[in-house]
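Structural overview for review
Residue-level listing of the chains:
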Amino acid sequence: MTACDYRPGLEGVPATESSISHVDGQLGILEYRGIRVEELAQRSSFIETAYLLIWGRLPVEWELEQFNHEIRHHRRLKYRIRDMMKCFPEGGHPMDALQACAAALGLFYSKRALDDPIYIQKAVIRLLAKIPTMVAAFQLMRKGNDPVQPRDDLDYAANFLYMLNEQEPDPLAARIFDICLTLHAEHTINASTFSAMVTASTLTDPYAVVASAVGTLAGPLHGGANEEVVDMLEAIGSVENVRPYIDARIANKEKIMGFGHRVYKVKDPRATILQKLAEQLFEKFGDDQYYQVALEMEHVVTERLGAKGVYPNVDFYSGLVYRKLGIPTDLFTPVFAIARVAGWLAHWKEQLAKNRIFRPTQNYIGLHDQSYVPMAERLALWDSQTLGTAPQPVEETV
Ligand code: ACO
């Protein structure tokens, strides 16, 4: 390796060999285990897709039944986890709450037996089952309410919406939410999945793997973008304001949230499906005032940035779907995490099967052979510019 091999953001550098998912960014194709995501969205369910991703093939009938059954029966949280959540500040971000809760599972299921298939199976079930309960419980607790217990008679997506909104969802809403989960379940080696793989490669427990991935997904350049899209649509407010807003962002070299992707240079296939799902919801439950703003944004951004390959990504229309499903804006990224747990676990398993700890290198660009400068001499040596970069005193807040 030489200095010229360095690529910021590791763009184009293969980090693994994987058979879980594939993206063709020029043609706008996404496949899970070789099956197009459009087909899975139409014909499969999130739980069946999670099985496909994690265990490598579609389940036969009894396997799917058993998988579903086990997940339904592990949805409850230990009361100590609920008590821990009661101590979280209600103003805290739900992604931070989720990261803490995912990590806390490692305290309760602390045996680490990565060579035991039963341990692996149980960890998969627990994480898929409990993450939605954690998200819904935090939402109710921060409003001062008791969490709603999961209902074993409801499917995965319907149960989550039930726990969140305290009422059984409309079947169309539940089906659309299930499709959203399928669409977000996996996406090759993105930042959070890479984070999961690096953590997995140390042979730590799967709860730490998921916790590290949740922390990575939270950032505004990754999963956090879907929240910012809705804030942006609200700030723009009307169709006439779209063009001036986009012109100003481009002039200031600022990114427009929900657009652009490291891999896709055409419209993200998931954005196309999510847009159709949003339209189905508007047809049944009424329009969203920001949909026309979103359509105009897509039109103007395509006109201005299409030549650079900047088109709507998965986060652009998902927020409008989630709003209609009654999901609060700051739960959009946790909902993304509920789905992506499937992909993270698939990569965790794949990593374990051929593990070598991640330990990349660097091109050192710092100094050599420096001497230790005694305190009394530093003020004279450090110029004002260097001093300005030091941490400034901050007022203590409680
Ligand atoms: N708005 C305006 N210009 C953009 C955007 C955007 N959203 N995205 C890319 N561009 C421009 C860049 O300015 C750059 O132009 P230049 O060549 O003139 O400098 C060119 O397109 C290439 O963009 P990069 O920044 O090199 O693309 P990169 O692969 O590094 O970044 C990213 C991808 C981070 C997703 C970027 O497009 C972005 O910040 N988008 C907005 C945030 C967002 O929606 N994130 C969600 C992504 S999907 C997900 O993580 C689930």
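Worth saying up front: this structure is predicted, and the values here are computed from it rather than measured. (Residues numbered from 1 in each chain as written. Predicted model: local features only at pLDDT ≥ 70, side-chain atom pairs only at ≥ 80, totals over all residues. Heavy atoms only, no water.)

**Considering the pattern of salt bridges**
This is how the line gets drawn: For this document, the term salt bridge refers to a Lys or Arg side-chain nitrogen within 4 Å of an Asp or Glu carboxyl oxygen. Type-normalised accessible area, obtained with a 1.4 Å probe on protein chains alone, sets the label of each residue: buried when under 20%, exposed when over 50%, and partly exposed for intermediate values.
Throughout the structure, instances matching the rule amount to 20 salt bridges. Here Asp 116 makes a salt bridge to Lys 111, at a shortest N to O gap of 3.6 Å. Its relative accessible area of 23% is what places Asp 116 among the partly exposed residues. Residues joined by salt bridges that share partners form a network here, namely Arg 151, Asp 153 and Glu 168.

**A look at the packing of helix 6 (residues 117-142) against helix 7 (residues 156-165)**
Between two packed helices, the angle of one axis relative to the other and the distance separating the axes together describe the packing. Cut-off, in case you're wondering: Note on geometry: axes are lines fitted to C-alpha atoms, helical ones only across the stretch in contact, with angles between N-to-C directions running from 0 to 180 degrees. Helix numbers and strand numbers start at the N terminus; a helix is a DSSP run of H or I with at least 4 residues, a strand a run of E with at least 2. By definition in this entry, angles of less than 35 degrees are roughly parallel, angles greater than 145 are roughly antiparallel, angles of 65 to 115 are roughly perpendicular, and the rest are oblique. For any pair of crossing helices, the crossing counts as left-handed if the nearer helix is rotated counterclockwise from the farther one by less than a right angle, and right-handed if it is rotated clockwise. Should any heavy atoms of two residues lie within 4.5 Å, those residues are counted as being in contact.
Interaxial distance between helix 6 and helix 7 falls to 8 Å at its minimum, and their mutual angle equals 20°. Classified by the interaxial angle, the pair formed by helix 6 and helix 7 is roughly parallel. Judged by the sense of rotation from one axis to the other, the crossing of helix 6 with helix 7 is right-handed. Contacts between helix 6 and helix 7 involve Leu 128, Pro 132, Thr 133, Val 135, Ala 136, Gln 139 and Leu 140 from the first element and Tyr 156, Phe 160, Met 163 and Leu 164 from the second.

**A few points about the sheet that holds strand 3 (residues 35-36)**
For the record, the criterion: Only strands that DSSP links by at least two bridges are regarded as paired with each other.
As summarised here, the arrangement of the three strands in space is 1-2-3, forming an open sheet in which the pairing is antiparallel. Edge strands, defined here as strands with exactly one partner in the open sheet, are strand 1 (21-24) and strand 3.

**Quick notes on the packing of aromatic side chains**
Convention followed: By convention, a stacked pair of Phe, Tyr or Trp rings (six-membered ring in the case of Trp) has centres within 6.5 Å and planes under 30 degrees apart, an edge-to-face pair has planes over 60 apart, and any other such pair is tilted.
Under the defined criterion, the tally for this structure stands at 13 aromatic pairs. Where Tyr 109 meets Tyr 207, the ring centres are 6.1 Å apart and the plane angle is 40°; that geometry is what we call tilted. Of the two residues, Tyr 109 is situated in the loop between helix 5 (94-108) and helix 6 and Tyr 207 in helix 10 (residues 206-217); the sequence distance between them amounts to 98 residues. On the basis of relative accessible area, Tyr 207 is assigned to the buried category, the value being 0%.

**Structural notes on the site of the ligand**
The criterion, for reference: One heavy atom suffices: a residue is near a molecule or strand as soon as one of its heavy atoms comes within 4 Å of it. Contacts described as polar in this section are N or O atom pairs within 3.5 Å, which, within protein, must combine one atom able to donate a hydrogen with one able to accept it, while residues neighboring in sequence count only if both atoms come from side chains. All accessibility values rest on the Shrake-Rupley procedure with a 1.4 Å probe; residue burial counts only the protein chains present in the view. When residue character is reported, Ala, Val, Leu, Ile, Met, Phe, Trp, Tyr, Cys and Pro are called nonpolar, Asp, Glu, Lys and Arg charged, and the others, Gly included, polar. Domains are outlined according to an automatic or database domain assignment.
Contacts to the ligand come from 19 residues, most closely from Ile 256, Gly 258, Phe 259, Arg 262 and Lys 308. The contact in question runs from a nitrogen atom of the ligand to an N or O atom on the backbone of Phe 259, over 2.7 Å. For the ligand, whose unbound accessible area comes to 920 Å², protein coverage reaches 70%. Looking at the shell around the ligand residue by residue, the classes come out as nine nonpolar, five polar and five charged. In this structure, the shell around the ligand is formed jointly by two domains, domain 1 (21-222 + 330-353) and domain 2 (225-323), each of which donates at least three residues.

**Observations regarding the domain arrangement of the protein chain**
Where the parts come together, the accessible area they lose is often given as the size of the interface. Definition in use: By buried area we mean how much accessible surface two parts lose on assembly, using a 1.4 Å probe and totalling the loss over both.
Each assigned domain of the protein chain is listed here: domain 1 (21-222 + 330-353) and domain 2 (225-323). Just the C-alpha atoms count here: the centres of domain 1 and domain 2 sit 26 Å apart. Listed per partner, the contact involves 31 residues of domain 1 and 27 residues of domain 2. Both sides of the domain 1 and domain 2 interface together cover about 2,400 Å² of buried area, and 68% of this is carbon and sulfur. When residues of domain 1 are sorted by the area they lose upon contact with domain 2, Ile 176, Leu 183 and Phe 332 head the list and together hold 26% of the total. Viewed at the interface, domain 2 and domain 1 are joined by one salt bridge. Taken together, the connections running from domain 1 to domain 2 amount to eight residue pairs in polar contact (both at pLDDT 80 or more).

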